[in-house]
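Chain by chain, the residues run as shown.
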Amino acid sequence: MQSVNIITLGCSKNTVDSEKLARQLSAMNYKLCFDSEKFTDIVIINTCGFIHDAKQESINTILSAVQAKQAGKIKQLYVMGCLSQRYADELRAEIPEVDSFFGARGFDDVLQALQVEKQENLLQERVVSSPSHLAYLKLAEGCNRTCAFCAIPSIRGKYVSEPIESLVKEAKFLVQNGAKELSLIAQDLSFFGYDLYKRNVLAELLGKLQPIEGLEWIRLHYLYPNSFPMEVLDSMNQLSKVCHYIDIPFQHASDKVLTKMRRFFSEKETFELMEKLKNKVPDIAIRTSLIVGHPGETEKEFLKLVDFVRQAEFDRLGVFTYSHEEGTYAGENYRNSIPEKVKQERQEIIMNLQQEISLKKNNEKVGKTFKVLIDRKESDGVVGRTQYDAFEVDNEVFIADKRLKVGDFYNVQITAADTYDLTGTVVN
């Protein structure tokens, strides 16, 4: 029995790819582990190649594994994913110690290299690497958008939706194996279904996931603001399992910068969509991501973004500094004119503002009771989340009660708050 360590870097979409690969290998009696520091016969690194920092992390991980191979601690080393999709030739030349490099859609090629025959009947099954009570459900591969700063379409290819029946089958498998929360992911959920059904079918999928016994929460990630499927808000109100949470990356609020970004969505439309979201689902938690330092962002445009954050009062917000990437429209057509120091300063200004907003919103939760899912134990208690928070990226709730079980739900009254975390006690 050969042992395999699958190391996954980057986004949750990579996580799903690794888990599907693991299921095929487990069927052939490979002994599996994920992201383990222990040495195995075979190491497979699923890389990210999105921006500079992610690329550097991937390269460092590969070089570390190469050292282990040279020391005789591992026998075979394979690299797959976005980095090797973008830079296959360069990587082969620079790191010949790697046995093979495979692209972002190299699933079949990896199996072939390991002499594993793909089992079609297992394609909707996975070996889950996250805590067993939660899992990601990837609705589509690739992206059809042409955002100036983004390399994903050139790496992952055109948008390809999974059929609804296939996703429901996969969801049932995940729930039967312990998942109580499913996070629906894709590069762009707003486009889900157009390639197969000529319309967005996200709300239809939610309706088919709702009856799955044992499933408690369904969470939506990465909806593009342009062509936003408004019927999904009706699903939130009508379906008890759909979390009142949405991840919708606006990226900026200045028309000038949005045009340079090729977002095809205006400042006016942004405010109108925000208003619709909050009117339709009054308690909705909105997560967004922004980019500062994009070509065309003058001080005036940046201040417009700051004002937008102040007015919008997002529940969750992440800020990235612009990364000038080859193979993108911006990389080929714009000059990376804003100094890194200025980008960092702008990022800090927005994050400081968001901290004030987050603290205010958290303080408003004190005294209220929420349904909380427990994610992990700590030495002095447990840590969980409300429906308004996604795993590993959002706020957490600490409860000083070690008797509570990971993966179970409890009604928790919030007793204290700080910028990003809450403290509470179980009621009833």
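Treat the numbers as computed from the prediction; the structure is a model and nothing was measured.

Peer 1: Got a minute to help me understand the packing of aromatic side chains in this structure?
Peer 2: The geometry of an aromatic ring pair is captured by the separation of the ring centres together with the interplanar angle, meaning the angle of the planes. Taken as a whole and assessed by the stated rule, the structure comprises 10 aromatic pairs. Through a chain of ring-to-ring contacts, the aromatic side chains of F250, F271, F308 and F314 assemble into a single cluster. The ring of Y245 is capped by R219, whose NZ or CZ atom sits 4.7 Å from the centre of that ring. Here the guanidinium or amino end of R262 rests over the ring plane of Y329, the centre of that ring lying 4.1 Å away.

Peer 1: Would you mind showing me how to read the side chain of H221 here?
Peer 2: Relative to the elements of secondary structure, H221 occurs in the loop between β10 (217-220) and α10 (231-238). Side chain to side chain, H221 and D247 meet in a polar contact 3.2 Å long. Excluding its chain neighbours within four sequence positions, the residues that come into contact with H221 are S183, L184, I185, A186, L189, Y245, D247 and A390.

Peer 1: Please clarify how empty space enclosed by the protein should be interpreted in this entry.
Peer 2: Over the atoms a probe the size of a water molecule is rolled, and this reveals where empty space is left. Evaluated as defined, the whole model comprises 1 cavity of 30 Å³ or more. A volume near 30 Å³ is recorded for the largest cavity. In terms of lining residues, the largest cavity is bounded by L134, A135, Y136, E181, S183, R385 and F391. Those elements that place two or more of their residues in the lining of the largest cavity are β6 (134-138) and β9 (181-185). Ranked by the residues each element gives to the lining of the largest cavity, the list is headed by β6, at 3 residues. Class assignment of the residues belonging to the lining of the largest cavity gives a composition of 4 nonpolar, 1 polar and 2 charged.

Peer 1: Would you mind going over the sheet that holds strand β12 (residues 285-292) with me for this structure?
Peer 2: The pairing of strands in a sheet happens through backbone hydrogen bonds and is either parallel or antiparallel. Here we have 6 strands laid out as an open sheet, ordered β6-β9-β10-β11-β12-β13, and parallel in their pairing. Each edge of the open sheet is held by one strand with a lone partner, namely β6 and β13 (316-321). This sheet shows a mean twist of 20° between the axes of neighbouring strands, independent of strand direction. When β9 meets β10, the two strands line up parallel, connected through 4 bridges. Bridge assignment links S183 to a residue of β10, and that residue is R219. Contacting β6 and β9, helix α7 (residues 164-176) runs over the sheet at an angle of about 170° to β6. Sheet strands touched by helix α13 (residues 299-312): β12 and β13. Its angle to β12, the strand with the most contacts, is close to 170°.

Peer 1: Even after reading the chapter, I still don't get the sheet that holds strand β4 (residues 76-81), so can you show me in this structure?
Peer 2: The strand order β2-β1-β3-β4-β5 describes an open sheet built from 5 strands, whose pairing is parallel. Each having just a single partner strand, β2 (31-34) and β5 (100-101) make up the two edges of the open sheet. Bridge count between strand β3 (residues 42-47) and β4: 6 bridges; the pairing is parallel. In the sheet register, I42 faces β4, and the bridge partner there is Q76. Contacting β1 (3-8), β2, β3 and β4, helix α1 (residues 12-27) runs over the sheet at an angle of about 170° to β1.

Peer 1: Mind showing me how you'd approach α10 here?
Peer 2: Residues that lie three or four places apart on an α-helix share one face, since the helix turns once every 3.6 residues. Every buried residue of α10 is accounted for by V232, L233, S235 and M236. When α10 is viewed along its axis, its buried side chains cluster within an angular range of 150° and face the same direction. For α10, the elements touching its buried residues are α9 (202-209), β10, β11 (242-247) and α12 (267-280).

Peer 1: Help me understand the nonpolar core in this model?
Peer 2: The nonpolar side chains of soluble globular proteins are, as a tendency, buried together. Of all hydrophobic cores here, the largest spans 59 residues; its most connected members are L184, L209 and I350. Considering every element that reaches this core, the biggest residue donor is α7, with 7 residues. Those residues in contact with L209, other than ones at most four positions away along the chain, are L137, V168, A171, L184, L215 and I218. If you look at the next biggest cluster of nonpolar residues, it comprises 18 residues, including W217, C243, L373 and Y410.

About the criteria used
- Residues numbered from 1 in each chain as written.
- Predicted model: local features only at pLDDT ≥ 70, side-chain atom pairs only at ≥ 80, totals over all residues.
- Heavy atoms only, no water.
- Phe/Tyr/Trp six-rings, centres within 6.5 Å; stacked < 30°, edge-to-face > 60°.
- Lys NZ or Arg CZ within 6 Å of the ring centre and 35° of its normal.
- Helix = DSSP H or I, 4+ residues; strand = E, 2+ residues; numbered from the N terminus.
- Polar contact = N/O pair within 3.5 Å; in protein donor to acceptor, adjacent residues only side chain to side chain.
- Contact = heavy atoms within 4.5 Å.
- 1 Å grid on protein atoms, 1.4 Å probe; cavity = no way out; pocket = protein on both sides within 12 Å on 5 of 7 lines; lining within 4 Å.
- Points joined across faces, edges and corners; volume = space filled by probe spheres on them.
- Nonpolar A, V, L, I, M, F, W, Y, C, P; charged D, E, K, R; others polar.
- Pairing = 2+ DSSP bridges.
- Axes fitted to C-alpha atoms, helices over the stretch in contact; angles between N-to-C directions.
- Buried < 20%, exposed > 50% of the residue type's maximum accessible area, 1.4 Å probe, protein only.
- Arc of directions from axis to C-beta.
- Core = buried A, V, L, I, M, F, W, Y, C linked by side-chain atoms within 4.5 Å.

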